[in-house]
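So the chains spell out like this:
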Amino acid sequence: MGKVVAFRTTARHDESWAVVTSTGRETRIASIYPTRTAAQADCEWRNRQVAAYRNFLERNETAIPHYTIRPYRRADLPRAWRPLPALGFLHGQS
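Values in this document were obtained by computation on a predicted structure and should not be read as measured data. (Residues numbered from 1 in each chain as written. Predicted model: local features only at pLDDT ≥ 70, side-chain atom pairs only at ≥ 80, totals over all residues. Heavy atoms only, no water.)

To continue, consider the overall build of the chain. What the chain contains, in helices and strands, is 2 helices and 3 strands. Reading the helices (α) and strands (β) of the chain from amino to carboxyl end gives β-β-α-α-β. The proportion of buried residues among the 94 residues of the chain is 29%. Contacts in the chain between residues at least 24 apart in sequence constitute 63% of all its contacts with a sequence separation of at least 6. Surface summary for the chain: the accessible area is close to 7,100 Å², and the carbon and sulfur share equals 51%. (Helix = DSSP H or I, 4+ residues; strand = E, 2+ residues; numbered from the N terminus. Buried < 20%, exposed > 50% of the residue type's maximum accessible area, 1.4 Å probe, protein only. Contact = heavy atoms within 4.5 Å. Areas by Shrake-Rupley, 256 points an atom, 1.4 Å probe, with all protein chains shown as cover.)

Okay, structure coming up:
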């Protein structure tokens, strides 16, 4: 008689990785990626851009965004969601 083997998958098919921006009390999803590596690369790039423009943002009394990543399910996205521009914080879109 054969042995039953249960396979477990570590990744969920409906889960993606979100780059999330926090500015003050507001939190928004900046972008969605299928892999953690891609999300981490984008998050690091966005944080470097914020660091490069930090003095400009402080002079203009603009809230400084902070980017992080987290798992996110596409089903949880609002219907009208659109990705944020990479340097949107320069135009007040954080």
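Still more to cover.
The next subject is the packing of aromatic side chains. All told, the structure shown has 0 aromatic pairs when counted by the stated rule. Positioned over the ring face of Trp17 is Arg36, at 5.1 Å from the centre of the ring. (Phe/Tyr/Trp six-rings, centres within 6.5 Å; stacked < 30°, edge-to-face > 60°. Lys NZ or Arg CZ within 6 Å of the ring centre and 35° of its normal.)

Glancing now at the pattern of salt bridges. Taken as a whole and judged by the stated rule, the model has 2 salt bridges. We note a salt bridge from Arg46 to Asp42, for which the minimum N-O separation is 2.7 Å. Of the two residues, Arg46 and Asp42 both sit in helix α1 (residues 36–52), 4 residues apart, roughly one turn of that helix. On the basis of relative accessible area, Arg46 is assigned to the buried category, the value being 3%. By relative accessible area, Asp42 is classed as buried at 13%. (Salt bridge = Lys/Arg side-chain N within 4 Å of Asp/Glu carboxyl O.)

The antiparallel open sheet is built from 3 strands, whose spatial order is β2-β1-β3. At either end of the open sheet lies a strand with only one pairing partner, and these are β2 (26–33) and β3 (66–73). Strand-to-strand twist of the sheet, defined as the mean angle between neighbouring strand axes without regard to direction, takes the value 35°. Where α1 meets the sheet, it contacts β1 (15–23), β2 and β3, and its direction lies at approximately 160° from that of β3. (Pairing = 2+ DSSP bridges. Axes fitted to C-alpha atoms, helices over the stretch in contact; angles between N-to-C directions.)

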